[in-house]
Each structure stands twice: as C-alpha cells, then as structure tokens.
Amino acid sequence: EGEGALDCGGPFRDTLTLCAMETMSNALPLFLPSPNNVNNTGPNRDCFVPRSAATSPAARRAYRFFGHLLGGAARTDET
C-alpha cells in the first residue's frame, strides 16, 4: 500500500530509474549536458558529464552516493 511503482522490473529498478533521471537533469548541480547535447550535433547527445565546479563537501558526498547507486546497479545487473 502507499506509493506504487511501475511494474517494469519492480520497485528497485523503478527507484534506480527515478534517481538517474533526477541526477541527469538540471535539478542537481552534479552533471552538465555533454557538449554534443548542448550543440545538438554528433553522437552521445543524451550524455552528461561531471560538473568540474562541483567540489564542495556536499557535492563530494553526492558524487559518492551516486557511485554507490552505480555500484548497486552493476552488482544487481540493473542496467
């Protein structure tokens, strides 16, 4: 009961998908759209790159947490 999850692989996959979507958006100051995304040219237009200015202690903790998410996804084959 309570909040539902999309049943395209279960709540864990849904949670990872939502985390990735929020992380790779303008909502968080950790990543920027790739130059090809900004210029709408070439391959990998859907990619993001780490923001080099994000060096504060809070940003470092956020990058570390993001690394944990990636590690969990890799260990569970959630790609």
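Preceding this section is the structure that the text describes.
Residues numbered from 1 in each chain as written. Predicted model: local features only at pLDDT ≥ 70, side-chain atom pairs only at ≥ 80, totals over all residues. Heavy atoms only, no water.

**Considering the overall build of the chain**
- The secondary structure content of the chain amounts to three helices and two strands.
- Within the chain, the fraction of its 79 residues that count as buried is 16%.
- Considering only contacts in the chain between residues 6 or more positions apart, those separated by 24 or more positions represent 30%.
- Carbon and sulfur atoms make up 57% of the accessible area of the chain, which amounts to about 6,100 Å² in all. (Helix = DSSP H or I, 4+ residues; strand = E, 2+ residues; numbered from the N terminus. Buried < 20%, exposed > 50% of the residue type's maximum accessible area, 1.4 Å probe, protein only. Contact = heavy atoms within 4.5 Å. Areas by Shrake-Rupley, 256 points an atom, 1.4 Å probe, with all protein chains shown as cover.)

**Topic: the packing of aromatic side chains**
- A full pass over the atoms with the stated rule returns two aromatic pairs.
- Centre to centre, the rings of F31 and Y63 are 5.6 Å apart; their planes meet at 90°, and the pair counts as edge-to-face. Taken together, the residues F31 in strand 1 (residues 31-33) and Y63 in helix 3 (residues 57-75) connect sequence positions 32 residues apart.
- By relative accessible area, Y63 is classed as partly exposed at 22%.
- Clustering of aromatic rings is evident, with ring pairs tying together F31, Y63 and F66. (Phe/Tyr/Trp six-rings, centres within 6.5 Å; stacked < 30°, edge-to-face > 60°.)

**Some thoughts on the environment of P29**
- For P29, the position within the fold is in the loop between helix 1 (11-23) and strand 1.
- On the basis of relative accessible area, P29 is assigned to the exposed category, the value being 51%.
- Separated by 25 residues in the primary sequence, P29 and A54 have C-alpha atoms spaced 7.0 Å apart.
- The residues touching P29, leaving out its near neighbours within four places in the chain, are R51 and A54.

Any link to function would need more than the numbers given here.
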